[in-house]
Amino acid sequence: MIFDVIIVGGGAAGFFSAIQIATHNPQLKVVILERGKEVLTKVKVSGGGRCNVTHAEFVPNELVKSYPRGEKELRGPFHTFCSGDTVAFFEDRGVALKIEEDGRMFPESDSSQTIIDCFLAETERLGIKVNTSCGVKNIKELSSENSSWEIETSQGIFQTKKIVISTGSNPKIWNQLAALGHTIVSPVPSLFTFNIKDIRINGLMGLSSPAEVKLIDRKNNPIKLENGQKATAKGPLLITHWGMSGPAILKLSAWGARKLFEQNYQFKIQVNWLPTYNQEEVLSDLKELKTSEAKKLVFNTRPFEIPKRLWFKILEVSGITNLHKWAEINKNQLQQLSQELTEATFDVNGKSTFKEEFVTAGGVDLKEINFKTYESKICKNMFLAGEVINVDAITGGFNFQNAWTGAYIVAKAITEVA
Ligand SMILES: Cc1cc2nc3c(=O)[nH]c(=O)nc-3n(C[C@H](O)[C@H](O)[C@H](O)COP(=O)(O)OP(=O)(O)OC[C@H]3O[C@@H](n4cnc5c(N)ncnc54)[C@H](O)[C@@H]3O)c2cc1C
């Protein structure tokens, strides 16, 4: 079983690289080895079954900003294959994509099966062999001089000149790669929601409001990220049955993935429900209302653009009832109200899985990859694409874009020299 290229892992990056290799050089004998009975299983469940294939951010230098790990390294690769190229790839094969309001891109069919069908049709058309139930057990460098590979699988031994590792976040393959000399950045989960039990969000399930959220530790100090920046995110915040979710929270879960893991997911967040104001500005507006609206019931005025249910809840926790008039609100209550609106602090105890998308931060150290080819700097003729490397993104289609870009560049490198 000798091939020109063996791809280990029949997921997003594996299929995309196989298709690109065979498209650029149909002479090459390519096989995908997949340990599962099915291929593309994550694509199937992705985006809640709709597959958020990429994001409508077409400028490489802007696109990289969504990658807590990989921002610097992906700049070059995105100049070679960006989200616009992903759109073109699918449209050329009859899969129209649509852009949602928040920039996420899905197949028009709203079904991940459309993407799977497209990949399977391409592999068949191009004569790419796909071996399922073929788990890779051992990867051995045959000779360091001409660097070819022997791969031991549940279906026997395979040999190849070039190997592409696209096994996602698989610990066994990471161990193999470590044995071959790679450094593996320890894996931790990313993209999760925060578990919060707090009377201030009781009964508000399903409510979404724009907010600015800061990560703080149990001693109320801002949590600093690896690069020394403060962990802050703006965007819609969604109150759920278990606590808080929505883009603002998911972004923080990604940027803070490692720090929050270190804190065993016991930390605090500070929420500003009025992200364009600070506490002093809100206090000053409230003081003005106390005079200008003196005779009016506080419950009947909603001076800020926040959902009614949230406003009522904040009034309630600030000790203001539906009988209070503005004139009756004392200094302390105004202070508390302004604080609840702009600096509300919540204890987070644990995390929950965000069902639509999750990803692992960690993997092969980026210093050990040549980002012009995605070849390992440690092992010649070994290429790595997708989640197996230490790149991950916030939610929104960026994680698949990492898989498509890496896979495209791997294919380009392999076919240019083969
Ligand atoms: C529920 C969910 C929803 C998601 N939704 C989205 C989304 O909508 N948009 C987005 O951008 N990202 C999404 N993601 C993230 C995205 O799925 C991944 O980033 C992406 O699949 C990574 O592609 P990959 O090819 O590197 O790995 P994978 O897709 O995980 O593929 C790896 C493959 O390798 C195989 N494999 C592993 N070990 C071996 C072995 N020893 N031998 C042979 N085969 C092996 C695995 O079985 C698997 O098929 C989602 C993730 C999850 C979990």
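Just so it is clear, the model here is predicted, and its values are computed rather than measured. Every chain's residues receive numbers from 1 upward, in the order its sequence appears when written. Totals for whole chains, interfaces and linings use all residues, but because this is a predicted model, local features are given only for residues with pLDDT of at least 70 and pairs of side-chain atoms are given and counted only at 80 or more. Just so you know, side-chain values use all the structure's heavy atoms and leave hydrogens and water out.

**Examining the site of the ligand**
Proximity criterion: a residue is near a molecule or strand once any of its heavy atoms comes within 4 Å of it. Taken together, 31 residues lie near the ligand, and Ala 13, Glu 34, Val 136, Glu 387 and Phe 400 sit nearest. Polar contacts, as counted here, are pairs of nitrogen or oxygen atoms within 3.5 Å of one another; within protein the pair requires one atom able to donate a hydrogen and one able to accept it, and residues that are adjacent in sequence qualify only if both atoms are side-chain atoms. Between Asn 399 and the ligand, the recorded distance is 3.4 Å, taken from a backbone N or O atom to an oxygen atom. Between an oxygen atom of the ligand and a main-chain N or O atom of Phe 400, the distance comes to 2.7 Å. Only the protein chains shown count as cover for residues, and all accessible areas are computed by the Shrake-Rupley method using a 1.4 Å probe. Bound to the protein, the ligand loses 94% of the 1,000 Å² it would expose on its own.

**A short note on the nonpolar core**
The set of buried Ala, Val, Leu, Ile, Met, Phe, Trp, Tyr and Cys residues whose side-chain atoms join them within 4.5 Å is what this entry labels a nonpolar core. Burial classification: accessible surface area is computed with a 1.4 Å probe over protein chains only, and a residue below 20% of its type maximum counts as buried, one above 50% as exposed, and the rest as partly exposed. By size, the foremost hydrophobic cluster in this structure holds 84 residues, and its most contacted members are Phe 90, Phe 119, Ile 165, Leu 177, Ile 389 and Trp 404. The leading source of residues in this core is helix 13 (residues 398-417), at 11 residues. In contact with Phe 90, other than residues within four places in its own chain, are Val 53, Val 95, Leu 97, Ile 115, Cys 118, Phe 119 and Trp 404. Counting 47 residues, the second largest nonpolar core, distinct from the first, contains Leu 207, Ala 231, Leu 310 and Val 348. Labels follow the DSSP assignment, with helices taken as runs of H or I lasting at least four residues and strands as runs of E lasting at least two, numbered in each case from the N terminus. Note on definitions: a residue-residue contact is assigned when non-hydrogen atoms from the two residues lie within 4.5 Å.

**A look at the sheet that holds strand 4 (residues 97-99)**
Strands pair, by our definition, only if DSSP identifies at least two bridges between them. Spatially, three strands are ordered 3-5-4 in an open sheet, and the strand pairing comes out antiparallel. The open sheet has two edge strands with one neighbour each: strand 3 (54-55) and strand 4. In the sheet, strand 3 pairs with strand 5 (residues 104-107) via two bridges, with the strands oriented antiparallel. Counted as the bridge partner of Thr 54 is Met 105 from strand 5.

Take it as geometry only, folks, not as evidence of what the structure does.
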